[in-house]
Amino acid sequence: MRISKPPRGLPWWCVLVGWFLVAATSGVAGFFTMLYGLHYGRASSLKWLISMAVSFVESVFVTQPLKVLGFAAFFALVLKRVEDEEEPIVPLLRHLSSPDPSSLFRVRRNSRKDIYQPPLAANIEKMKTTQLKEQKVFALIQEILGFITDGNSKLVGSAQVRQVRVRESSCLLASQLQTSLNRCHAPYSLDVEDLSDYGEGWNASNLNSSNGFSQAWQYQSQSQRRGYPIWGKLTVYQGGGYVVPLGTDHQSASRILQYLFDNTWLDSLTRAVFVEFTVYNANVNLFCIITLTLETSALGTFFTRADLQSLRLYHFTDGWHPFVVAAEVVYFLFLLYYMVMQGKLIWKQKWCYFHSKWNLLELAIILASWSALAVFVKRTILAERDIQGYRKHKEEVISLSETAAADAALGYIIAFLVLLSTVKLWHLLRLNPKMNMITSALRRAWGDISGFVIVIFIMLLAYSIASNLLFGWKLRSYKTLFDAAETMISLQLGIFNYEEVLDYSPVLGSFLIGSCIVFMTFVVLNLFISVILVAFNEEQKYYELSEEGEIVNLLLMKILSFLGIKCKRQEPVNSSEQPELLSEARHPQPAPAAPQV
């Protein structure tokens, strides 16, 4: 009999090392847990301990048993049990060792039932049918999961590809180079853009040889397309160009793109290519306008960009629309009331009305509100026009650029209106003593705050310029000065890709990032916060309740007395008189002597 060697492993003393590491890790973790508990205090530590105990009990008695039962049921019901192939060998060896030779034949006759028999034809057909049903079930599940992840997005109209070009020989050559160079390709600008119509293969002599794709070689203006200019990486491009619809299915798009490739639709005069299409997501009720941009300069460099702009054309699709409409109506009724009040104030104060910044704030809120209403009406009209156009011509290109521009303008106006309303709310909250104290503290520290803001801006500009010069020609996040500044601001917020900088330049990248974090985050910003805190502490020492605060206290006392609630009124004490009152309390003046008769 062959004796198997015991499996090799680690020495016996490694068990002791493992237990030592477990004990050390537990001790260090417990030590730091104790320190954090002392730091957080008794109440927070008790809540922490209770949450940990509840989590442990839930994991031991609920989560883990259910997990074990689930895995056991899965392995018992789903996985098949493998038959033991060594059991038939034992009786066979027993009969071979028997002195009776006839026992071997009995064993063979008895073991015929264990020999593999092919399944019946009916069983095979049944298995095939079951397998086909399982495939259909998995296909249905896969279709449902596309539905879920894709968000039920639907292509609206047809996708299109558009290019802008420059004219042939659009830049002038120096007289010294005219003999060696035939032509020069200028970068894109409005002056050199090609606006002509051509035939197939950009042949200007034959305008009708296009085989049904004449619009691919004919220029469409911005007004004809109802488009808008696009601001790219290199320059601003007009909304016109040479446009080709790609259809609504994959086969049509492939056929059109193959035709454009065979006839060299893109050549050395192309300066930008735009792929534009619109999808509608029914789950979130949003239209999304996708624009994929490929720009090229006269030097041969390429820039890619993807722009996503979402807008909502169906505003009232749930049960909240009566409430929303009522709120909008109430808002404009209040707006009309404030317009009447401000009109009376202007009539009374004349030109002095415009000398108050709060009056100008009220006037700006009124103008922004009516501007938002006008843009909202225009956006609604454009949206209805686009929806009706899509319903009539579902296979054609539907341009939502004008509606999207109106929607973006409405968003900007509303954001500005919210800003003005927040400033107005801050002004109204001056009646609150704490808010008034915060305002006074910021006013007290405004000189230091403005100085730190200038220092922060200078440092941000310096790091942006440095990162743009070092990494701008290689890394996408630093291509332009604006991109570099945006990346530096993201660094302060903790949104930063360290790997791309460190992989490209470990020494300069680590020095630049480390110095930016140290000087801007740990030094300048902390000093900025310290200045505000010092000003707040100083304001707390010398703060006096304003006249408006006293009026609010008196109003509160009147309301409480009207409700029958008794409250003792405390007279405000001037902070300048507090030291005198304290000195009199500590050293009382002697009583005057009685007059002698």
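Keep in mind that what you see is a predicted model, and the values were worked out from it rather than measured.

Calculation notes
- Residues numbered from 1 in each chain as written.
- Predicted model: local features only at pLDDT ≥ 70, side-chain atom pairs only at ≥ 80, totals over all residues.
- Heavy atoms only, no water.
- Helix = DSSP H or I, 4+ residues; strand = E, 2+ residues; numbered from the N terminus.
- Buried < 20%, exposed > 50% of the residue type's maximum accessible area, 1.4 Å probe, protein only.
- UniProt positions renumbered as here; feature names shortened; annotations may be inferred.
- Expected span 1.5 Å × (residues − 1).
- Arc of directions from axis to C-beta.
- Contact = heavy atoms within 4.5 Å.

A.B. asks: Can you help me understand unusual backbone geometry in this one?
C.D. replies: A negative phi holds for most residues other than glycine; trans holds for most peptide bonds. In this structure, threonine 264 takes a positive phi of about 55 degrees despite not being glycine. The residue threonine 264 is located in the loop between α7 (250-262) and β6 (270-281) in this model. On the basis of relative accessible area, threonine 264 is assigned to the partly exposed category, the value being 43%. One non-glycine residue with positive phi stands out, namely lysine 350, at about 60 degrees. Looking at where lysine 350 falls in the secondary structure, it is placed in the loop between α8 (321-349) and α9 (357-392).

A.B. asks: So what exactly am I meant to see when it comes to the UniProt feature "transmembrane region" (unreviewed entry) in the protein chain here?
C.D. replies: UniProt's entry tags residues 12-36, 48-79, 284-303, 323-340, 360-377, 409-429, 449-471 and 511-536 with the feature "transmembrane region" (unreviewed entry), counted in the numbering of this structure. As annotated, residues 284-303 comprises 0% helix and 65% strand, and the C-alpha atoms at either end are separated by 32 Å. Taken end to end, residues 360-377 is 100% helix and 0% strand, and its two terminal C-alpha atoms sit 26 Å from one another.

A.B. asks: Is there a simple way to think about helix α13 (residues 481-493) in this case?
C.D. replies: Each α-helix turn comprises 3.6 residues. Residues three or four places apart therefore point the same way. Relative to the 18 Å expected for 13 residues at 1.5 Å per residue, α13 spans 19 Å between its end C-alpha atoms, a close match to the ideal helical length. Regarding α13, the residues found buried are Asp483, Ala484, Thr487, Met488 and Leu491. End-on, the buried residues of α13 take up no more than an arc of 140 degrees, which puts them together on one face. Structural note: α13 exposes Phe482 and Leu493 on the side pointing more than 90 degrees away from its buried face. Those residues of α13 that are buried lie in contact with α12 (446-471), α14 (498-504) and α15 (506-541). Glycine 494, located one to two residues past α13, shows a positive phi value of around 90 degrees.

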